[in-house]
Amino acid sequence: MRFWCLQHMPDEGPGHAADWLAAHGHSLTFTRLFEPNPQFPAMGDFDGLLILGGAMSVHDEETLPWLRAEKDFIHEVLRAGKVTLAICLGAQLVAEALGGEVRPNPDPEIGFWTVRFSAKSLEHPLLRGWPEKAAVLHWHLDTFTVPPGAMRVGMSAACATQGFVWGDGVIGLQFHPEMTVPMVEKLMHSEGHETAGEQEFVQTAEQIRAKMKSVWKGRKLLEALLANMVALHEAETTD
């Protein structure tokens, strides 16, 4: 299966997703939006889309003009019915494209916090094999409402909407199942988190490092999700 990745920042790559796709014989090609003149593929050039996170906001079109082109591309992908996994900023972009609202979360959510997945969402084919809850990595200031026609995936103590599924093959996640340990370390460094103080839903760098084994819980969720996306695509192409 041919996956295409929209990457917004150099240090926020596909992580565990790239590892799983390579191990299972799937290709992964990139549009790196932090590089000059990013180019988007034609619909016939890929089968599935992966949209990653980033420190910018979906509302930063004036300072980041490429956001307009990316939003147009996401609309085209949704119309084409491509299987899509969108993470953090990516989920916010897809939620907005589907008619949801992106706005500041009541509190920043940074660190490893438990997400409880709704029983109804766990019946969705994309979430086959997921547990009822998992402690996963969060790093966000904004959140989104569940888009019209979509189903909420779960919630945490700090964030009412931790994801959504739309149709058979589109999923947006507010948390970061793709992050590897080195990626978390780079993120803490780039965000200046070493000196950050503890808040109600913000863990210190020391607390995050103490919970770092939880990246494997996110990886397990991601691997099950990617396997389900591939199975869905194969079922559609053989019908």
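Residues numbered from 1 in each chain as written. Predicted model: local features only at pLDDT ≥ 70, side-chain atom pairs only at ≥ 80, totals over all residues. Heavy atoms only, no water.

A. View of unusual backbone geometry. Phi at asparagine 37 is positive, roughly 50°, even though this residue is not glycine. Within the secondary structure layout, asparagine 37 lies in the loop between strand E2 (27-32) and strand E3 (48-51). (Helix = DSSP H or I, 4+ residues; strand = E, 2+ residues; numbered from the N terminus.)

B. Fine view of the nonpolar core. Counting 32 residues, the largest nonpolar core has Leu85, Phe117, Trp130, Ile171, Phe175, Leu225 and Met229 as the members making the most contacts within it. Elements with a minimum of two residues in this core: strand E1 (2-7), helix H1 (16-23), strand E4 (83-87), strand E5 (102-117), strand E6 (133-144), strand E10 (170-173) and helix H6 (215-238). If one sorts the elements of this core by residue count, H6 sits on top with 7 residues. Apart from residues lying up to four places away in sequence, leucine 85 is in contact with Leu49, Leu50, Ile51, Ile171, Leu173, Leu222, Leu225, Leu226 and Met229. Ranked by size, the runner-up nonpolar core spans 28 residues in total, among them Phe46, Ile51, Met56 and Leu78. (Core = buried A, V, L, I, M, F, W, Y, C linked by side-chain atoms within 4.5 Å. Buried < 20%, exposed > 50% of the residue type's maximum accessible area, 1.4 Å probe, protein only. Contact = heavy atoms within 4.5 Å.)

C. Broad picture of the pairing of E3. Burial along E3 is two-sided: the face carrying Gly48 and Leu50 and the face carrying Leu49 and Ile51 are both buried. Note: E1 against E3, 4 bridges, orientation parallel. Across the sheet, phenylalanine 3 pairs through a bridge with glycine 48, a residue of E3. The pairing of E3 with E4 spans 4 bridges and is classified as parallel. In the strand pairing of E4, leucine 50 is matched with leucine 85. Viewed along the sheet, the connection from E3 through helix H2 (residues 66-80) into E4 turns out right-handed. (Pairing = 2+ DSSP bridges. Right-handed = clockwise from strand over helix to strand, strands pointing away.)

D. Representation of H1 within the structure. When we look at burial in H1, the residues that qualify are His16, Ala17, Trp20 and Leu21. One side of H1 carries all its buried residues, which in axial view fall inside an arc of 130°. Seen from the buried face of H1, the exposed residues on the opposite side, beyond 90 degrees, are Ala22 and Ala23. Those residues of H1 that are buried are in contact with E1, E2, E3 and H6. Looking one or two residues beyond H1, the residue adopting positive phi is glycine 25, at roughly 80°. (Arc of directions from axis to C-beta.)

E. Representation of the packing of H1 against H6. Axis separation between H1 and H6 bottoms out at 10 Å; the angle between their running directions is 45°. Looking at the two axes, H1 sits oblique to H6. In the packing of H1 onto H6, the handedness of the crossing is right-handed. The residues of H6 that touch H1, namely those facing His16, Ala17 and Trp20, are Val215, Trp216, Arg219, Leu222, Glu223, Leu226, Ala227 and Val230. Broken down by class, the residue content of the contact of H1 with H6 amounts to 8 nonpolar, 1 polar and 2 charged. (Axes fitted to C-alpha atoms, helices over the stretch in contact; angles between N-to-C directions. Parallel < 35°, antiparallel > 145°, perpendicular 65-115°, else oblique. Left-handed = near helix turned anticlockwise from the far one by under 90°. Nonpolar A, V, L, I, M, F, W, Y, C, P; charged D, E, K, R; others polar.)

F. Highlighting the packing of aromatic side chains. For the structure on display, the rule yields 7 aromatic pairs. Seen from their ring centres, tryptophan 4 and phenylalanine 46 are 6.4 Å apart, and the 55° between their planes marks the pair as tilted. Taken together, the residues tryptophan 4 in strand E1 and phenylalanine 46 in the loop between E2 and E3 connect sequence positions 42 residues apart. Comparing tryptophan 4 with phenylalanine 46, the two get one shared label, buried. (Phe/Tyr/Trp six-rings, centres within 6.5 Å; stacked < 30°, edge-to-face > 60°.)

G. Region of interest: the sheet that holds E1. An order of E2-E1-E3-E4-E10-E9-E7 is seen for the 7 strands of this open sheet, with the pairing classed as mixed. Edge positions in the open sheet fall to E2 and strand E7 (151-152), since each of these has one partner strand only. Relative to E2, E1 runs parallel, the two sharing 6 bridges. Considered in E2, the bridge of cysteine 5 is made with phenylalanine 30.

H. View of the side chain of histidine 138. Inspection of the secondary structure assignment puts histidine 138 in strand E6. When its relative accessible area of 0% is taken as the criterion, histidine 138 is described as buried. A distance of 3.0 Å separates a polar side-chain atom of histidine 138 from the backbone oxygen of tryptophan 113. Ignoring any residue separated from it by four or fewer positions in sequence, one finds histidine 138 in contact with Glu109, Ile110, Gly111, Trp113, Val115, Gln162 and Phe175. (Polar contact = N/O pair within 3.5 Å; in protein donor to acceptor, adjacent residues only side chain to side chain.)

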